[in-house]
Amino acid sequence: MASCCNSMGLEGFFSTAFRSAKRSSNAHPIPSSFLSSSSSSSSHLDTRCFPLKTNSFSVSHSPSFTIKASSSSSTTIAEPEGIKINSVPTKPFEGQKTGTSGLRKKVQVFMQENYLSNWIQALFNSLPPKDYKNGVLVLGGDGRYFNREAAQIIIKIAAGNGVGKILVGREGIMSTPAVSAVIRKRKANGGFIMSASHNPGGPEYDWGIKFNYSSGQPAPESITDKIYGNTLSISEIKMAEIPDVDLSRLGVTKYGNFSVEVIDPVSDYLELMESVFDFPLIRSLLSRSGFRFVFDAMHAVTGAYAKPIFVDKLGASLDSISNGVPLEDFGHGHPDPNLTYAKGLVNTMYSENGPDFGAASDGDGDRNMILGKKFFVTPSDSVAIIAANAQEAIPYFRNGPKGLARSMPTSGALDRVAEKLSLTFFEVPTGWKFFGNLMDDGKLSICGEESFGTGSDHIREKDGIWAVLAWLSIIAYRNKDKKPGETLVSVSDVVKEHWATYGRNFFSRYDYEECESEGANKMIEYLRDLVSKNKEGAKYGDYVLQFADDFAYTDPVDGSVASKQGVRFVFTDGSRIIFRLSGTGSAGATIRIYIEQFEPDVSKHDMDAQVALKRLIDLALSVSKLKDFTGREKPTVIT
């Protein structure tokens, strides 16, 4: 029999009005102007905020979903401590191989009978029993469509495989950074994250699942490869015969020697942020009458964190939180914080009387975008500027960072900071898991990816709110001695000062989403063949080739090798063109082209990046024959 021991006197940080709705359009093409007006509701900031003092979510449920045997009735295989564990027959599904960060597919794929169950069981089949038997696992997600049903499936399979306890965020809500933080604080064996990150949600869109290990880092390829192998031969699912757990109430529910504890998804993470940053310093900035701040949660998971952190702890005004109610379909939006999909925030920040500081985060809360008044900070510049200012502005780094790292496609701005500060520097493949080993080995403190991911070794995931707090710390530190009425140091002032010191790395990324996989793969194979024949000194228009390769990485900690991580053309002046297929989509292929050029001349630093990079952009499109292979005339997104 189940017993429920609910914590009393614990006020919920949030409630939500989850709703299931179909998204009305596909990915938006690049607009003629990022600042143009629009009649669409998505282009205006929704100032609904996440209510604070309520004890439950207001939820409209998705269609019911049950687990059934795939071909015959299940068989009871054990009854430890009163829990009946059934063996559910199943058959393999093709294509359950994880990408850059977990398994992502259309939600209707995951809703197939046993599809999710197969992958979860294959995970347990891949782990050493000591990594989960009688252990503690964390479960959280971004609130998207199908998460509630998936949470119950995962809980039952975990119980069926001998897990001792599941810690789950209320209503299944917990940001990716918070899952990592909870794993580390509570010394859990690992955790499940239900998210397709920045991809859209809803009945017709995307869902995803990934597993993080005991230090809070995404599972390494050695484990994900085993999971995939086991999905190809799986024949049974071990499923505990227990009722669905009420995830709306904080507290512990026990079934024999297995228990589920529903926890507040904010408190552990907030406690960690208070230990990393100087909250009184940030509060002194946000409480200034002459400083205006806005945070766009994009109807995603950080809506649950924005009010407790920015409003209640740091003193921002309630109306500074926009799109603050997490919705199962993200309000019919695409929760990717960039200039295209966070259009409402961009319009607000570029308006005549716009705020001084704006930020956004994505579906699961691990990405971020930083804006000043009429000023966009590229992710590559952002991580470099955080690293350059961390020691003086952020208490966690008072002794200085241990080392710096970036993903290979990210611009070389961070390299220049590492050189000036005499810090160890690493260039790794795309995927946060590659930073984790370096952090665990004490080699790395601050890192970032051009794909709007920034973070440090306080956890083992990129962290959107952490990046926002880091920037607020820098701005607050620069203005701590300013008297009321004095002109404040702005976001653009900080960036331009950085460029004057280190030079500017002009950078842009062109995304071509949902291309036909065959054409995209043929393009990459063509480029691989091209680089294999190129030699140093080859001429590409006005550029002279220094080297070209398909990036490979040998982990300095465990010696593992990651190959075919992106085709690079690096020229003698430091300019780079890079081509990759993204591993974060759920359908088709996303081609990413990265273009970078270093400019030391301060008089040229205010040029528009698209103007400064035009020759390289044209060269990239010509060299790749992208139009010939894909038929695409224009990118879906330009960053």
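Residues numbered from 1 in each chain as written. Predicted model: local features only at pLDDT ≥ 70, side-chain atom pairs only at ≥ 80, totals over all residues. Heavy atoms only, no water.

### Focus: the nonpolar core
The biggest cluster of nonpolar side chains holds 77 residues, and the ones touching the most others in it are Phe310 and Trp471. No other element matches the 11 residues that helix 13 (residues 464-478) contributes to this core. For Trp471, the residues in contact, after removing those within four places along its chain, are Phe357, Ile370, Val377, Ser382, Ile385, Ile386, Val491, Val494 and Val495. Counting residues in hydrophobic clusters, the runner-up holds 52 residues, among them Ile83, Ile85, Ala158 and Ala240. (Core = buried A, V, L, I, M, F, W, Y, C linked by side-chain atoms within 4.5 Å. Buried < 20%, exposed > 50% of the residue type's maximum accessible area, 1.4 Å probe, protein only. Helix = DSSP H or I, 4+ residues; strand = E, 2+ residues; numbered from the N terminus. Contact = heavy atoms within 4.5 Å.)

### Remarks on the pattern of salt bridges
According to the stated counting rule, one finds 40 salt bridges in the structure shown. The partner of Glu352 in a salt bridge is Lys374, and the shortest N-O contact between them spans 3.0 Å. Placement of Glu352 in the loop between helix 9 (343-349) and strand 16 (357-361) and of Lys374 in the loop between strand 17 (368-372) and strand 18 (375-377) is noted, with a sequence separation of 22 residues between them. The exposure class of Glu352 is exposed, given its relative accessible area of 64%. Asp511 is the salt-bridge partner of Arg592, the closest N and O atoms lying 2.6 Å from each other. Separated by 81 residues along the polypeptide, Arg592 in strand 30 (residues 589-599) and Asp511 in strand 23 (residues 504-515) bring together distant segments of the chain. (Salt bridge = Lys/Arg side-chain N within 4 Å of Asp/Glu carboxyl O.)

### Notes on empty space enclosed by the protein
Taken as a whole and judged by the stated rule, the model has 4 cavities of 30 Å³ or more. If you add up the space inside the second largest cavity, you get close to 100 Å³. Lining the second largest cavity are 13 residues, with Ser101, Gly102, Lys210, Ala219 and Thr224 sitting closest to its centre. The set of elements that each furnish at least two residues to the lining of the second largest cavity consists of strand 10 (206-212) and helix 5 (221-231). (1 Å grid on protein atoms, 1.4 Å probe; cavity = no way out; pocket = protein on both sides within 12 Å on 5 of 7 lines; lining within 4 Å. Points joined across faces, edges and corners; volume = space filled by probe spheres on them.)

### A word on the sheet that holds strand 14 (residues 293-296)
Across the sheet, which stays open at both edges, the 5 strands sit in the order 15-14-16-17-18 with mixed pairing between neighbours. Lying at the two open borders of the sheet, with one neighbouring strand each, are strand 15 (321-322) and strand 18. Pairing analysis gives 4 bridges linking strand 14 to strand 16, with the strands arranged parallel. Residue pairing for strand 16: Asp296 is matched across the bridge by Ala360. (Pairing = 2+ DSSP bridges.)

### Remarks on the packing of aromatic side chains
Counting across every chain of the model gives 23 aromatic pairs. Each ring, one from Phe110 and one from Tyr115, has its centre 5.4 Å from the other, and the planes form 85°; the classification is edge-to-face. Neither Phe110 nor Tyr115 differs from the other in exposure class; each is buried. Here Phe146 and Trp207 contribute two aromatic rings whose centre-to-centre distance is 5.2 Å and whose plane-to-plane angle is 70°, an arrangement assigned as edge-to-face. Taken as a pair, Phe146 in the loop between strand 7 (136-141) and helix 3 (147-160) and Trp207 in strand 10 lie far apart in primary sequence, 61 residues in all. Each member of the pair, Phe146 as well as Trp207, carries the same accessibility label: buried. Sitting over the face of the ring of Phe598, Arg416 holds its NZ or CZ atom 3.5 Å from the ring centroid. Lying across the ring of Tyr477, Lys480 places its NZ or CZ 5.0 Å from the centre. (Phe/Tyr/Trp six-rings, centres within 6.5 Å; stacked < 30°, edge-to-face > 60°. Lys NZ or Arg CZ within 6 Å of the ring centre and 35° of its normal.)

### Some details on the pairing of strand 29 (residues 576-581)
The side chains of a regular strand alternate, first on one face of the sheet and then on the other. Summarising burial for strand 29: 5 of the 6 residues are buried, a large majority. Sheet analysis places strand 28 (residues 567-571) next to strand 29, joined by 4 bridges and oriented antiparallel. Along strand 29, the bridge assignment pairs Phe569 with Ile577. Counted between consecutive antiparallel strands, the loop separating strand 28 from strand 29 contains 4 residues, among which Gly574 sits at a positive phi close to 90°. As paired elements, strand 29 and strand 30 share 6 bridges and run antiparallel to each other. Bridge pairing in strand 30 places Ile578 opposite Tyr594.

### Observations concerning the environment of Glu271
Mapped onto the elements of the fold, Glu271 is located in helix 6 (residues 267-276). On the accessibility criterion, Glu271 (45% relative accessible area) is partly exposed. Separated by 90 residues in the primary sequence, Glu271 and Ala181 have C-alpha atoms spaced 9.8 Å apart. A polar contact of 3.3 Å, which involves the side chain of Glu271, links it to the side chain of Lys185. (Polar contact = N/O pair within 3.5 Å; in protein donor to acceptor, adjacent residues only side chain to side chain.)

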